Amino acid sequence: MINRVVIVGRLTRDADLKYTTSGTAVGTFNMAVNRQFTNANGDREADFINCVIWRKSAENFANFTHKGSLVGVEGRLQTRNYENKDGQRVYVTEVVVDSFSLLEARGDDKGTNKAPFNGSNAGTSNKQGTKPVAAKPQNDPFANNGQAIDISDDDLPF
């Protein structure tokens, strides 16, 4: 079975970050996703999709996003139900987010951060929105050092 969802849209409000009784972080948010077509008036309508994200990803998401942020999320579609205080059965469909990407630079006064956030550089930028810290350069023997590489057809395995 396949259950994968990829969505790109804007947050309708800041993520709501809470913690379970066991201390696990859980964030909920809503995304506005434009439809690919226009209605009879020529306006583009949007779908509003509920999402939930867990653990460290939830904390990172809440720290690096805000209302209006353009984000991409990947996850799975999940339905659940519960009985509310009036005794009525309530059904909920939501995207359980596995990973996310920030698709525009984080806003700051100086405009110094131009790199989109993709979850992998979560710990490499500070709260002021400066550029992520570069990893130590590795000694790559195939890096372009300006010299031609001498390879003959006999060196190739095919």
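Residues numbered from 1 in each chain as written. Predicted model: local features only at pLDDT ≥ 70, side-chain atom pairs only at ≥ 80, totals over all residues. Heavy atoms only, no water.

1. Regarding the packing of aromatic side chains
Part 1 of the reasoning: A complete count under the given rule lists two aromatic pairs for this structure.
Part 2 of the reasoning: Here the aromatic rings of Phe29 and Phe61 are separated by 4.2 Å at their centres, their planes lie at 20°, and the arrangement is stacked. With Phe29 in strand β3 (residues 25-38) and Phe61 in helix α1 (residues 55-64), the pair connects residues that are 32 residues apart, well separated along the chain.
Part 3 of the reasoning: A relative accessible area of 2% places Phe29 in the buried class.
Part 4 of the reasoning: Centre to centre, the rings of Phe61 and Phe100 are 5.0 Å apart; their planes meet at 85°, and the pair counts as edge-to-face. Residue Phe61 is located in helix α1, and its partner Phe100 is located in strand β6 (residues 89-102); the two are separated by 39 residues in the primary sequence. For the residue pair Phe61 and Phe100, the accessibility class agrees, reading buried in each case.
Part 5 of the reasoning: The structure contains a cluster of three or more aromatic residues connected by ring pairs, namely Phe29, Phe61 and Phe100. (Phe/Tyr/Trp six-rings, centres within 6.5 Å; stacked < 30°, edge-to-face > 60°. Helix = DSSP H or I, 4+ residues; strand = E, 2+ residues; numbered from the N terminus. Buried < 20%, exposed > 50% of the residue type's maximum accessible area, 1.4 Å probe, protein only.)

2. Describing unusual backbone geometry
Part 1 of the reasoning: Although it is not a glycine, Arg55 adopts a positive phi angle of roughly 60°.
Part 2 of the reasoning: Mapped onto the fold, Arg55 is located in helix α1.
Part 3 of the reasoning: The exposed category is assigned to Arg55, whose relative accessible area is 56%.

3. A word on the confidence of the model for the chain
Part 1 of the reasoning: Mean pLDDT over the chain works out to 80, with 66% of the residues at or above the 70 mark.
Part 2 of the reasoning: Below a pLDDT of 50 lies the segment residues 108-115, which in the model reaches 14 contacts outside its immediate sequence neighbourhood of four places, other chains included.
Part 3 of the reasoning: Ignoring residues within four places in sequence, the model shows residues 120-134, a span with pLDDT below 50, making 25 contacts including any to other chains. (pLDDT = per-residue confidence, 0-100. Contact = heavy atoms within 4.5 Å.)

4. Structural notes on the nonpolar core
Part 1 of the reasoning: Core analysis: the largest hydrophobic core is formed by 19 residues, its most contacted members being Phe29, Met31, Phe61 and Val73.
Part 2 of the reasoning: The contact partners of Met31, leaving out residues within four places of it in the chain, are Ile7, Val8, Gly9, Arg10, Leu11, Thr12, Asp47, Phe48, Ile49, Cys51, Val71 and Val73. (Core = buried A, V, L, I, M, F, W, Y, C linked by side-chain atoms within 4.5 Å.)

5. Observations regarding the side chain of Glu94
Part 1 of the reasoning: Within the element layout of this structure, Glu94 appears in strand β6.
Part 2 of the reasoning: Within the local environment of Glu94, its side chain forms a polar contact with the side chain of Arg80, the two groups lying 2.8 Å apart.
Part 3 of the reasoning: Apart from residues lying up to four places away in sequence, Glu94 is in contact with Asn50, Val52, Arg76, Leu77, Gln78 and Arg80. (Polar contact = N/O pair within 3.5 Å; in protein donor to acceptor, adjacent residues only side chain to side chain.)

6. Here's the deal with the pattern of salt bridges
Pairs may arise between side chains of opposite charge once their charged atoms sit close together.
Part 1 of the reasoning: Going through the model one piece at a time under the given rule, you end up with nine salt bridges.
Part 2 of the reasoning: A salt bridge links Lys56 to Glu59, with the shortest nitrogen-to-oxygen separation between them at 3.8 Å. Here the residue Lys56 and the residue Glu59 both occupy positions in helix α1, the gap between them amounting to three residues, near one helical turn.
Part 3 of the reasoning: The class for Lys56 is exposed, based on a relative accessible area of 53%.
Part 4 of the reasoning: What you see here is one network of salt bridges that share partners, running through Arg4, Glu74 and Asp98. (Salt bridge = Lys/Arg side-chain N within 4 Å of Asp/Glu carboxyl O.)

7. Brief notes about the pairing of strand β2 (residues 16-19)
Part 1 of the reasoning: As paired elements, β2 and β3 share four bridges and run antiparallel to each other. When the sheet's bridge partners are listed, Asp16 is paired in β3 with Thr28. (Pairing = 2+ DSSP bridges.)

8. Considering α1
Part 1 of the reasoning: Among the residues of α1, Ala58, Asn60, Phe61 and Phe64 are the ones counted as buried. For α1, the arc enclosing every buried residue in end-on projection is 165°, short of the 170-degree limit, so these residues lie on one face. Exposed positions of α1 whose direction lies more than 90 degrees from the buried face are Arg55 and Lys56.
Part 2 of the reasoning: Of the surrounding secondary structure, the elements contacted by the buried residues of α1 are β1 (5-11), β2, β3, β4 (44-54), β5 (70-83) and β6. (Arc of directions from axis to C-beta.)

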